[in-house]
Amino acid sequence: MNVKHTLATLVIAFTASLSAQNFNSRASTTAEQINQMWSRGQAKGEGPVKLKSFPLRLDDIGYIIPLGNMQSGHTTPSDHLYLVPKDAVNQGQGNMRRGAQGRSQPGQGTGVDTRDFSQLYDVIAVADGFIVMLQWRPNPQGGQAKYDPSVFDRAVDLKVFIEHSAHVWSYVDHLIEVDAAIMKQVPGGVQPGQPVNVRIPVKAGQVIGKVGNQTFDFALIDTSTTRKGFIKPEQFLNRDPQKPHVADPFDYIDEPLRGQLIKKDARKVPPFGGRIDYDIDGKLIGNWYEQGTGGYAGLNRRIDYWVGHLSIVYHHLDPKIVVFSIGNYDGRAQQFWVKGNKPDPATIGEKDGVVKYELIYGQLGSSGQVQMRPDGDAVQGVALCQVLPGQKLKFETFPGKSSALVKGFTESARTYER
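All values derive from a computational prediction rather than experimental measurement.

(A) Region of the structure containing helix H2 (residues 30-39). With eight of 10 residues buried, H2 lies mostly within the body of the structure. Buried residues of H2: Thr30, Gln33, Ile34, Asn35, Gln36, Met37, Trp38 and Ser39, and no others. Against strand S4 (129-136), strand S5 (158-163), strand S6 (168-175), strand S8 (196-202) and strand S10 (216-222) lie the buried residues of H2. Taken from the residues just after H2, Arg40 is the one with a positive phi, measuring 55°.

Written as structure tokens, this is what we have:
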């Protein structure tokens, strides 16, 4: 999508969660907004909700990547898990594209869809409920990868939201088709663009769609709970209102299935579902947003809304590792580890003044694979941080510089806020 198209079409083109802005006048909290946006205010049923499975059957799961991954444009900790089928591979060649009804769509999109469709996997409902929203997001001109290299060009990219009770929803994202039995109940079908609201009953274990040999997203949202590690959860009212209510799905599954799923989890320490909320008032740790860039939601519905984001948190698999995730580092979003892995940002406050961090490349992949690099200990740049009063942060990066060459802030320093 080129710049001219960005402002005009992003509301319908990028993600269903961007529709949050449509409900601001009717919802004062993120919990109310989710009910209105996803269930049109009709959510019903009491808990507790127990999951009968993950969206892939146990034998079809290769591994699970928990909440909190940061990669390229996922600058703040990711609010969904990733499920990876057992035979998932990344193919370099293009593959046949399948539409929402399962038919091939050879002319859709402008990029090359590299997903491997040689084997398809059932995506199933994790508990009883209602499918309440479907969305087929069109491929932006130039491909989503133009703005976020972690996103593949995809002609067909489907998202399904399921209501399980008056306060619990799940969603799966990046499906290549929705089951035909469900599509028969969708008046007019699903076309690229605006999400379609429906109310279709489903049972736990019922097939709702398909994925190929590809990673896809899964999230569980429970608005009866609110994460405590966001200082200002209202940041998410204009975009992704589910974030303060994202739950750890392992906590909603009974044994022995819970233990069997945890064995496939790339994170080996609790919480096994990962973590996304790290803010501590008065400390460096957590999410920050550059002043004047629109906070978490960004400005003008930009597809690259993360340019003003900064997260100084811990690795999603190894919570001992400090990660700097920067929305605009030398012109693009990047993630780094800290040389020496200290000082701990949870201990840094106003009294510490200007703190200098040397940035190095990470050597642990999103699924736990060790990525040894010959330049692993080489400093790639420096970050200066100063926690200020009033939940503010002075921040500047120095790409390509060593610590000895950085003497202090320059006129390029920026102020961030919660």
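(B) Geometry of the side chain of Thr223. Within the fold, Thr223 resides in the loop between S10 and strand S11 (246-247). We classify Thr223 as buried; its relative accessible area is 16%.

(C) Just the packing of aromatic side chains, in detail. Per the counting criterion, the structure on display carries 17 aromatic pairs. For the ring pair Phe54 and Phe250, a centre distance of 5.3 Å and an interplane angle of 40° mean the geometry is tilted. In this pair, Phe54 sits in the loop between H2 and strand S1 (61-65) while Phe250 sits in the loop between S11 and helix H4 (257-262), placing the two residues 196 residues apart along the sequence. By relative accessible area, Phe54 is classed as buried at 0%. Look at Phe250 and you get buried, because its relative accessible area is 1%. A connected cluster of aromatic rings, assembled from ring pairs, spans Phe230, Phe236, Tyr289, Tyr296, Tyr305 and Trp306. Between Arg199 and the ring centre of Phe130, over which it is positioned, the NZ or CZ distance is 4.4 Å. Taking NZ or CZ as reference, Arg418 lies 3.8 Å from the ring centre of Trp288, over its face.

(D) Region of interest: the sheet that holds strand S3 (residues 116-124). Taken together, three strands build an open sheet; the order of strands is S3-S9-S7 and the sheet is antiparallel. Bordering the open sheet on either side are S3 and strand S7 (177-178), each of which pairs with just one other strand. With two bridges connecting them, S7 and strand S9 (residues 207-213) associate as antiparallel partners. If you follow Glu177 over to S9, its bridge partner there is Lys210.

(E) Representation of the layout of surface pockets in the model. In this structure, the second largest pocket occupies an estimated 660 Å³ of space. Residue lining of the second largest pocket: 25 residues in total, with Met70, Gln71, Ser72, Gln335 and Gln371 positioned closest to the centre. Per element, the largest residue contribution to the lining of the second largest pocket is six residues, and it comes from strand S15 (residues 332-338). Residue composition of the lining of the second largest pocket, by class: eight nonpolar, 15 polar and two charged.

(F) Geometry of the pattern of salt bridges. This model, assessed by the stated rule, comprises 15 salt bridges. We note a salt bridge from Glu255 to Arg258, for which the minimum N-O separation is 3.7 Å. When its relative accessible area of 22% is taken as the criterion, Arg258 is described as partly exposed. Residues Asp304 and Arg302 are paired through a salt bridge, measuring 2.7 Å at the closest nitrogen-oxygen approach. Residue class for Asp304 comes out buried when judged on its relative accessible area of 15%.

Analysis parameters
- Each residue is numbered by its place in its chain's sequence as written, counting from 1.
- Since the coordinates come from a predicted model, pLDDT governs what is reported: local features require at least 70, and pairs of side-chain atoms require 80 or more to be given and counted, while whole-chain, interface and lining totals use all residues.
- In computing side-chain properties, one takes all heavy atoms of the structure into account and sets aside hydrogens as well as water.
- Exposed residues in this analysis have more than 50% of their type's maximum accessible area, buried residues have under 20%, and partly exposed residues fall in between, with area computed by a 1.4 Å probe over protein chains only.
- Put simply, DSSP H or I for four residues or longer makes a helix, DSSP E for two residues or longer makes a strand, and each gets a number counted from the N terminus.
- The contact rule is simple, with two residues in contact once any of their heavy atoms fall within 4.5 Å.
- For this analysis, a ring pair means two rings from Phe, Tyr or Trp (six-membered ring only for Trp) whose centres lie within 6.5 Å, classed as stacked if their planes differ by under 30 degrees, edge-to-face if by over 60, and tilted for the remaining angles.
- Look at NZ for Lys and CZ for Arg. If either is within 6 Å of the ring centre and within 35 degrees of the ring normal, a charge sits over the ring.
- Any two strands with at least two DSSP-identified bridges between them are counted as paired.
- Within this scheme a cavity is a closed region of a 1 Å grid, computed over the protein atoms alone, that accommodates a 1.4 Å probe without allowing it to escape, whereas a pocket is open but has protein on both sides within 12 Å along at least five of seven lines; lining residues each have an atom within 4 Å of a point.
- Grid points are joined across faces, edges and corners, and a volume is the space filled by probe spheres set on the points.
- Charged residues are taken to be Asp, Glu, Lys and Arg, nonpolar residues to be Ala, Val, Leu, Ile, Met, Phe, Trp, Tyr, Cys and Pro, and polar residues to be all remaining types, Gly included.
- Just to be clear on terms, a salt bridge is a Lys or Arg side-chain nitrogen sitting within 4 Å of an Asp or Glu carboxyl oxygen.

By themselves, these are just geometric observations and shouldn't be taken as functional.
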